[in-house]
Amino acid sequence: MRGGIMRRISHLLSSLIAAACFSVAAAPPSLEELLKPAQHDLVSISPGGTYIAATFRKTENKEDKMMMVIIDRATGKPVRLLDPEERGGIDSISWANDQRLFLVNSRYGRKFAQQYLEGYVLAINVDGTRKRVVHGSLIDPLVDDDDNILVEWCSKLTLKGCMSYIEKTDNDGSRKGKRIVDSPDDRSFFYADNAGQIRFAYSWDDESWQKVWLLKSGQWTMFSDERETGVETKPIGSSRDGSAVFLYTERKSGPDAIEKYVFATGERTVAMSDPVLDPAFVVWSADRRQPIGAAYGTGVPRARFWDTNDPDAKLLRQLEAAFPEDAVLFSSGSRDGQHIVVVVFSDRDPGSYYLMDRAKKTTALLARAKPWLNPETLARAQPFAFKARDGLELNGYLTLPVDAKGIPPLVVMPHGGPYWVQDEWGYDEEVQILAAHGYAVLRVNFRGSDGFGWNFINAGRKQWGKKMQDDVTDATRWAIAQGKIDPQRICIFGTSYGGYAALMGVVREPTLYRCAISTAGATDLNITRKWGDTHQTEGGRHYLDTYIGEDPAELFENSPLKHVAKIQVPVLLVHGEHDPRVSFEHAKAMQAAMQKAGKPLETYFFANETHGIYSDKNRKEYYDRVLRFLSANLKKN
């Protein structure tokens, strides 16, 4: 049986390149094709470049099951298959050396569809031997040390977290090791440099203020206190020689920056910044040992380097030229930087993995995340910018269906969060589902969204139902003015905060939208302060006070529940009955009010879902219902 599976894997791998060739005239993908889980999520090469580990899915008992295969790079043949067993998934892969790797697993619960991370790390050799469970948290696999790893252990549980310590132990995960350092408080995260030295610890207090400590001569010293600086900072990667660290740092005014801190002198300088945008992502060296720059752009993100003469910078620039419509990054690489897994993704490609042989100057397709999807049948995300009614510049994306017959109807999709979340250029499954069924999609980064600096986030404080909602309305009117969508056929659809904004959209603009879909959306901001998990912690209460507000009368005034009488169009209300964040009480209250007022309402409640829709079966039913609702309400008059 196992041999049969291995043969099928080998066949799968050899057919991936052929699967990348499509007929340009192909029809748009079906809902089933778009919802089908990615064939590959993770691809990682070993430090010596001998093996490639890749997750993949196979069908078992009519369900997609996560597996992992280890492939011999030289032959392309699979040598080991790992099954995370019932309801299991694999969330990360780390190599200690060419023979040993570590996996962090997740698992679907029996009661709820949402996955959860398991509290241990699985260590295993390529040949299947020395399979061990590491119950601590893996801090660093120490690729320069074949025998040891850094593990974090909890020494004392407290009401707020855990007093922990770092131990250097053998790579079986044995607890018999050297205790390196204790945490400075009871909720710390640790950062180790390329040599495996613990350099920083950082944490957030009850009101979500950050502290960062620097370890010097075995003692913790305060490096950054957000209560004093007003901004957060976080170590992201060290220089290859360990002399400096790169920090991702907020700014009180303007976008986030990347700084360089030299340990010996304490010198701290800006390595990279942009006057408008936060980095889209950090750019790493081919061996993933050090950051070499950052990528920017509201469209295709392009790398900027602090040393343009760096050989890896030159190589990445060549790859960007080879993929002019895609984002490109080094995903993993051998220690010598000669064998590199390159990831290419775009608004029409959820991810393609290539193996580069630097010496031979060859690049070969390893795998595609969803090889059954033809990029030519998927819709492009067109970046746009405009000024809101008060002059604030806003950015967003307009996606038009590929095979639109006439001017298409529009679905406006405010994102969730709403703070520290943004709509980005890249593959968006929900957008592609709508576009494949003939809908244009509008997404806008309203004030409060991430990606444009601290001032832009602060502009959204206590603006629920106010200026944040105005931004969504202004973006909709901007789209109408472009003449590319049907102004008489517009629906607003969102999840979490986006669900709240969808309901407030038809409250504030009763004639602009024909319908609204709210999934896991807040309907009464006072309920948010009484139900769900946000109000249960001091940090959560601080967030509610700071970003949403405290006055009950004002909160209710900015709640859809207060204004049910103003809603003139059909509403689809979707919610998971075990939602820990936006309590099901929100949906029940809105349902009762809508029914009492005689308003057109459809409901779709999931008994086994939490904050979102997670099971494959539920997701199919959910989008079937959404598409039927849109079709019924966005027909031509």
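Calculation criteria
Every residue gets a number counted from 1 within its own chain, in the order that chain's sequence is written. Local features in a predicted model are, by the rule used here, given only for residues with pLDDT of at least 70; side-chain atom pairs are given and counted only at 80 or more, and totals for whole chains, interfaces and linings are based on all residues. Side-chain descriptors were evaluated using all non-hydrogen atoms of the structure, hydrogens and water having been removed beforehand. Here a strand is any run of E in DSSP of at least two residues, a helix any run of H or I of at least four, and the numbering for each starts at the N terminus. Only the C-alpha atoms count toward the radius of gyration. The rule for a globule is 2.2 Å times the residue count to the power 0.38. The buried label applies to any residue whose accessible area, calculated with a 1.4 Å probe on protein chains only, is under 20% of its type's maximum; exposed applies above 50%, and partly exposed to all values in between. What is meant by a nonpolar core is a set of buried Ala, Val, Leu, Ile, Met, Phe, Trp, Tyr and Cys residues, joined one to another through side-chain atoms within 4.5 Å. The contact definition used throughout considers only heavy atoms, calling two residues in contact when any of these lie within 4.5 Å. Whenever a carboxyl oxygen of Asp or Glu lies within 4 Å of a side-chain nitrogen of Lys or Arg, that contact is scored as a salt bridge. A strand pair is defined by DSSP finding two or more bridges across the two strands. Helix axes are fitted only over the stretch in contact, all axes being lines through C-alpha atoms; the angle between N-to-C directions runs from 0 to 180 degrees. Definition of a polar contact: a pair of N or O atoms within 3.5 Å, with one able to donate and the other able to accept a hydrogen when the atoms are protein atoms, and with sequence-neighbouring residues admitted only if both atoms are side-chain atoms. Angles are sorted into four bins: roughly parallel if under 35 degrees, roughly antiparallel if over 145, roughly perpendicular if 65 to 115, and oblique for all others. Polar here means any residue outside two lists: the nonpolar Ala, Val, Leu, Ile, Met, Phe, Trp, Tyr, Cys and Pro, and the charged Asp, Glu, Lys and Arg; Gly therefore counts as polar. The disulfide criterion used throughout: a pair of cysteine sulfur atoms within 2.5 Å. Each Phe, Tyr or Trp ring (for Trp, its six-membered ring) is paired with any other whose centre lies within 6.5 Å, and the angle between the two planes then decides the class: stacked below 30 degrees, edge-to-face above 60, tilted in between. Clockwise travel from the first strand over the helix to the second, with the strands pointing away from the viewer, marks a crossover as right-handed.

A. Structural context of the overall build of the protein. A tally of regular secondary structure across the protein gives 13 helices and 35 strands. Relative to the 2.2 N^0.38 estimate, which gives 26 Å for 637 residues, the radius of gyration of the protein is 25 Å and therefore close to what a compact globule would have. Along the first, second and third principal axes, the C-alpha set of the protein runs to 70 × 60 × 50 Å. Taking all 637 residues of the protein together, the buried fraction comes to 55%.

B. Representation of the nonpolar core within the structure. The biggest cluster of nonpolar side chains holds 59 residues, and the ones touching the most others in it are Leu 410, Val 412, Leu 442, Trp 464, Ile 492, Tyr 513 and Met 590. Here this core gets eight residues from one element, more than from any other, and that element is helix α8 (residues 497–508). Setting aside residues up to four positions removed in sequence, Leu 442 forms contacts with Phe 384, Tyr 397, Leu 398, Leu 410, Val 411, Val 412, Met 413, Ala 475, Thr 476, Trp 478 and Ala 479.

C. Examining the pattern of salt bridges more closely. Counted by the stated rule, this structure contains 34 salt bridges. For Arg 302, the salt bridge identified is with Glu 320, shortest N-O distance 4.0 Å. Of the two residues, Arg 302 sits in strand β23 (residues 302–305) while Glu 320 sits in helix α4 (residues 311–322), which places them 18 residues apart along the sequence. Note that Asp 312 and Arg 358 form a salt bridge whose closest N and O atoms lie 2.7 Å from each other.

D. Structural detail: the sheet that holds strand β21 (residues 281–284). Taken in spatial order, the three strands make up an open sheet running β21-β22-β23, and their pairing is antiparallel. Of all strands in the sheet, those with a lone pairing partner are β21 and β23, marking the two edges. Across the sheet, the axes of successive neighbouring strands diverge by a mean angle of 40 degrees, strand direction being ignored. Pairing between strand β22 (residues 291–296) and β23: four bridges, direction antiparallel.

E. Expanded view of the environment of Glu 429. By the element assignment, Glu 429 lies in helix α5 (residues 429–436). For Glu 429 and Leu 355, which are 74 residues apart along the polypeptide, the C-alpha to C-alpha distance reads 26 Å. Beyond its immediate sequence surroundings of up to four residues, Glu 429 is in contact with Leu 34, Leu 35, Lys 370 and Arg 619. In this structure the side chain of Glu 429 is engaged in a polar contact, spanning 2.4 Å, whose partner is the side chain of Arg 619.

F. Summary view of the sheet that holds strand β9 (residues 137–140). Spatially, four strands are ordered β9-β10-β11-β12 in an open sheet, and the strand pairing comes out antiparallel. Each edge of the open sheet carries a strand with a single partner, namely β9 and β12 (178–182). Taking the axes of each pair of neighbouring strands and ignoring which way they run, one obtains an average angle of 35 degrees across the sheet.

G. Inspection of the packing of helix α7 (residues 467–482) against α8 at higher detail. α8 packs onto α7 with a crossing angle of 75 degrees between their chain directions and a minimal axis gap of 10 Å. Here α7 lies roughly perpendicular to α8, going by the angle between them. For the pair α7 and α8, contact is made by Met 468, Gln 469 and Asp 470 and by Tyr 497, Ala 501, Met 504, Gly 505 and Arg 508, respectively. Grouping the constituent residues of the contact of α7 with α8 by class yields four nonpolar, two polar and two charged.

H. A look at the state of the cysteines. In total, this model carries two disulfides according to the counting rule given. The side chain of Cys 154 participates in a disulfide bridge whose partner is Cys 162; the two sulfur atoms lie 1.7 Å from each other. For the disulfide bridge between Cys 154 and Cys 162, the dihedral angle about the S-S bond is near 130 degrees, and by the sign convention the bridge is right-handed. A relative accessible area of 38% places Cys 154 in the partly exposed class. On the basis of relative accessibility, which here comes to 18%, the residue Cys 162 falls in the buried class. Here Cys 491 is linked by a disulfide to Cys 515, with a sulfur-sulfur distance of 2.3 Å. Judged by the torsion about the S-S bond (-135 degrees), the Cys 491/Cys 515 disulfide is left-handed. Of this pair, Cys 491 sits in strand β32 (residues 490–495) while Cys 515 is found in strand β33 (residues 515–519), placing the two residues 24 residues apart along the sequence. Here Cys 491 falls in the buried class, since its relative accessible area comes to 0%. Listing the disulfide partners of the protein by sequence rank of the bonded cysteines yields 1-2, 3-4.

I. Seen up close, the environment of Ala 280. As for its position among the elements, Ala 280 is in the loop between β20 (268–272) and β21. Taking the relative accessible area as the measure of exposure, Ala 280 reaches 34% and is therefore partly exposed. With 145 residues separating them in the primary sequence, Ala 280 and Trp 425 have C-alpha atoms 9.5 Å apart.

J. Quick look at the side chain of Thr 546. Tracing the chain through its elements places Thr 546 in helix α10 (residues 538–548). In contact with Thr 546, not counting residues within four places along its chain, are Arg 461 and Lys 462.

K. Focus on the packing of aromatic side chains. For the coordinates displayed, the defined rule picks out 28 aromatic pairs. Residues Phe 200 and Phe 263 carry aromatic rings whose centres are separated by 6.2 Å and whose planes lie at 40 degrees to one another, so their mutual orientation is tilted. Of this pair, Phe 200 sits in strand β14 (residues 198–204) while Phe 263 sits in the loop between β19 (257–262) and β20; the two residues are 63 residues apart in sequence, bridging distant segments of the chain. A relative accessible area of 0% places Phe 200 in the buried class. A residue is classified by how much of its surface remains accessible, and Phe 263, at 15% relative accessible area, is buried. A centroid spacing of 4.7 Å and a plane angle of 15 degrees characterise the contact between Phe 246 and Trp 306, whose relative ring orientation is stacked. A residue pair is termed long-range when its members are at least 10 positions apart, and Phe 246 in strand β18 (residues 244–249) and Trp 306 in the loop between β23 and α4 qualify at 60 residues.

L. Up close: the side chain of Asp 287. With respect to the element layout, Asp 287 can be found in the loop between β21 and β22. Asp 287 gets classed as buried once you look at its relative accessible area, which sits at 11%. Only 2.9 Å separates the side chain of Asp 287 from the side chain of Arg 240, close enough to count as a polar contact. In this structure the side chain of Asp 287 is engaged in a polar contact, spanning 2.6 Å, whose partner is the side chain of Ser 285. Each residue touching Asp 287, except ones within four places of it in the same chain, is listed here: Arg 240, Gly 333, Ser 334, Arg 335 and Gly 337.

M. Examining the pairing of strand β35 (residues 601–606) more closely. Relative to β35, strand β34 (residues 571–576) runs parallel, the two sharing six bridges. Counterpart to Leu 572 in the pairing with β35 is Glu 602. Taken together, β34, helix α12 (residues 584–597) and β35 form a β-α-β motif whose crossover is right-handed.

N. Molecular detail of the environment of Glu 33. Turning to its location among the elements, Glu 33 is positioned in helix α2 (residues 31–35). Distance from Glu 33 to Trp 372, taken between C-alpha atoms, is 7.4 Å for residues 339 residues apart in sequence. Contacts of Glu 33, omitting those with residues within four sequence positions, involve Trp 372 and Leu 373. At 2.8 Å, the side chain of Glu 33 and the backbone nitrogen of Ser 30 are in polar contact.

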